[in-house]
Amino acid sequence: MAILIPTAACSSDEPAAGQAPEASVSTGPIEEPTPEKLHPFTGKPYTAAKRVVAVKIENTAAGKPQLGLKSADIVYIEQVEAGLTRLMAIFSSKIPPKVGPVRSARISDLHIAPMFGKPAFAYSGAQTKMLPFIAEASLFDVSDSRVPGAYFRQPGRFAPYNLFADTKKLISAAPKASKAKDVGFTFGDPPAEGGVERKSYTVKWPAARFTFTWSEAKKQWLIWQDGKKDMAAEGGQLGAPTIVIQYTKTERSEFHDSNQSYTPLVHTTGKGSAIVLRDGQAYKAKWERESEDGGTTFTTQSGEPMNFAPGQVWVALASRKPVIP
């Protein structure tokens, strides 16, 4: 008689001996990663928008080296009397503890400021005739006359090039200052075409000369002024990954100094041409700013956005032919 030996039943849902179990497949929705927020002034990641502080800074040999410029998001080079230049530094993403030397305001500042909404504007003095214009401008006045406690004299320097500002006190004095917003800049990869390799590029004003030299090692355009390295008080040479030469119309304003030297008015609204330096290349570009409360857009010759390299941006407001109005 045959003897039947019972065998263990095998479920079809279980893996056979020596076979790895199959991974379970999720049928739920796939979550897309949250896109990284990029700062409108630098194109770098950030978490929250901070208030904007604009500071007028000395730019002659007597006031160098400047303190705080390394932390600026944007630095404007503006022509002033006698063909010299001064800087307007825009801070928001990174604000240094101290900045300076702080110098007097000019009418061109009041036309740049509205692009940033209503920023805190730090300066030291202005022509009496210009004070009503400052009062009506789109800015919060945090000058040394309005907020004297925010300013101090830096030892080792001589007046008027020794006035510096405490940025925390400047910000405290302008609690309603605008936070960083879109000002028209775009950041990203360079244009596929149109760039010309350049090792250096020089821009001239009647009594000042800037040369921007590309450093492949630092991925920056190192800054030279009047044939000398432009050094920072914090150490090292000043430089930025993007330099914009924005060609503008410069004409005589109604303001002048005691020597009857007229203050230039640099027009930053309208349209014009520009040169954008990035990644060791020079690109021909166009700029446009329709109104003072609007941003400035930069496009390629073919009309595509002219992307800047992420990081600090220097904007040289210059004339094709240097002129003292």
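The paragraphs below set out a description of the structure included in this document. (Residues numbered from 1 in each chain as written. Predicted model: local features only at pLDDT ≥ 70, side-chain atom pairs only at ≥ 80, totals over all residues. Heavy atoms only, no water.)

### Quick look at the overall build of the protein chain
- On a plain count of helices and strands, the protein chain comes out with three helices and 21 strands.
- Taking all 325 residues of the protein chain together, the buried fraction comes to 47%.
- Residue pairs in contact within the protein chain that sit at least 24 positions apart in sequence constitute 63% of those at least 6 positions apart.
- Of the accessible surface of the protein chain, which amounts to about 16,900 Å², a share of 53% is contributed by carbon and sulfur atoms. (Helix = DSSP H or I, 4+ residues; strand = E, 2+ residues; numbered from the N terminus. Buried < 20%, exposed > 50% of the residue type's maximum accessible area, 1.4 Å probe, protein only. Contact = heavy atoms within 4.5 Å. Areas by Shrake-Rupley, 256 points an atom, 1.4 Å probe, with all protein chains shown as cover.)

### Concerning the side chain of D73
- One can find D73 in the loop between β1 (53-57) and β2 (74-79).
- No salt bridge forms around the buried D73; measuring N to O, its nearest opposite-charge neighbour K44 is 8.9 Å away.
- Within the local environment of D73, its side chain forms a polar contact with the backbone nitrogen of S92, the two atoms lying 3.1 Å apart.
- Within the structure, the side chain of D73 is placed 2.5 Å from the side chain of S93, a separation counted as a polar contact. (Lys, Arg positive; Asp, Glu negative; His and termini not counted. Salt bridge = Lys/Arg side-chain N within 4 Å of Asp/Glu carboxyl O. Polar contact = N/O pair within 3.5 Å; in protein donor to acceptor, adjacent residues only side chain to side chain.)

### Section: the pairing of strand β15 (residues 242-247)
- Within β15, six of the six residues are buried, which leaves it mostly tucked inside the rest of the structure.
- Judged by which residues are buried, β15 turns out to be covered on both faces: T242, V244 and Q246 on one side and I243, I245 and Y247 on the other are all buried.
- Looking at chain direction, β15 and strand β18 (residues 270-278) are connected through five bridges and run antiparallel. Looking at the pairing, I245 lines up with I275 of β18.
- Where β15 and strand β21 (residues 313-318) come together, six bridges link them in parallel fashion. Residue I245 lies in a different strand from β21, and its bridge partner there is A316. (Pairing = 2+ DSSP bridges.)

### What to know about the layout of surface pockets
- Put simply, the largest pocket is a space of about 350 Å³.
- Among the residues forming the lining of the largest pocket, the class breakdown is five nonpolar, eight polar and four charged.
- Taken as a whole, the second largest pocket encloses approximately 200 Å³ of empty space.
- Looking at the second largest pocket, the residues that line it are N59, T60, A61, K64, P65, Q225, D226, K228, K229, D230 and M231.
- In terms of residue class, the lining of the second largest pocket is built from three nonpolar, three polar and five charged. (1 Å grid on protein atoms, 1.4 Å probe; cavity = no way out; pocket = protein on both sides within 12 Å on 5 of 7 lines; lining within 4 Å. Points joined across faces, edges and corners; volume = space filled by probe spheres on them. Nonpolar A, V, L, I, M, F, W, Y, C, P; charged D, E, K, R; others polar.)

### Quick word on the pairing of strand β11 (residues 208-215)
- Burial within β11 is extensive, with six of its eight residues counted as buried.
- As judged from the six bridges shared by strand β10 (residues 200-205) and β11, these two strands associate in the antiparallel manner. Residue pairing for β11: V203 is matched across the bridge by F210.
- Turn length for the β10-β11 hairpin, with the two strands adjacent in sequence and antiparallel, is two residues.
- Where β11 meets strand β12 (residues 220-225), six bridges bridge the pair, whose relative direction is antiparallel. The partner of F212 across the bridge, within β12, is I223.
- Connecting the antiparallel pair β11 and β12 is a turn made up of four residues, with K219 showing a positive phi of about 55 degrees.

### Quick notes on empty space enclosed by the protein
- Tallied over the full model, the rule gives one cavity of 30 Å³ or more.
- Reported here for the largest cavity is a volume of approximately 40 Å³.
- If you go around the largest cavity, the residues you meet are Y76, I112, M115, Q246, T268, R289, T296 and L317.

### Here we look at the pattern of salt bridges
- Evaluated as defined, the whole model comprises nine salt bridges.
- Across the salt bridge formed by E58 and R86, the nearest N and O atoms sit 3.7 Å from each other. Note that E58 is positioned in the loop between β1 and β2 and R86 in strand β3 (residues 85-91), a separation of 28 residues in sequence.
- Exposure remark for R86: the relative accessible area of 9% places this residue in the buried category.
- One salt bridge connects K129 with E254, and the closest N-O pair in it is separated by 3.8 Å. With K129 in the loop between β5 (120-122) and α2 (131-136) and E254 in strand β16 (residues 250-256), this pair connects stretches of sequence that are 125 residues apart.
- Three or more residues are tied together by salt bridges with common partners; here these are E58, R86 and R103.

### Notes on the nonpolar core
- Among the nonpolar cores identified, the biggest contains 45 residues, and F212, I245, L277 and W314 are the most heavily contacted of them.
- A total of four residues in this core trace back to one element, the largest contributor, which is β11.
- If sequence neighbours within four positions are ignored, I245 has contacts with Y201, V203, S273, A274, I275, L277 and A316.
- In this structure, M88, I90, M115 and V266 belong to the second largest nonpolar core, which totals 39 residues. (Core = buried A, V, L, I, M, F, W, Y, C linked by side-chain atoms within 4.5 Å.)

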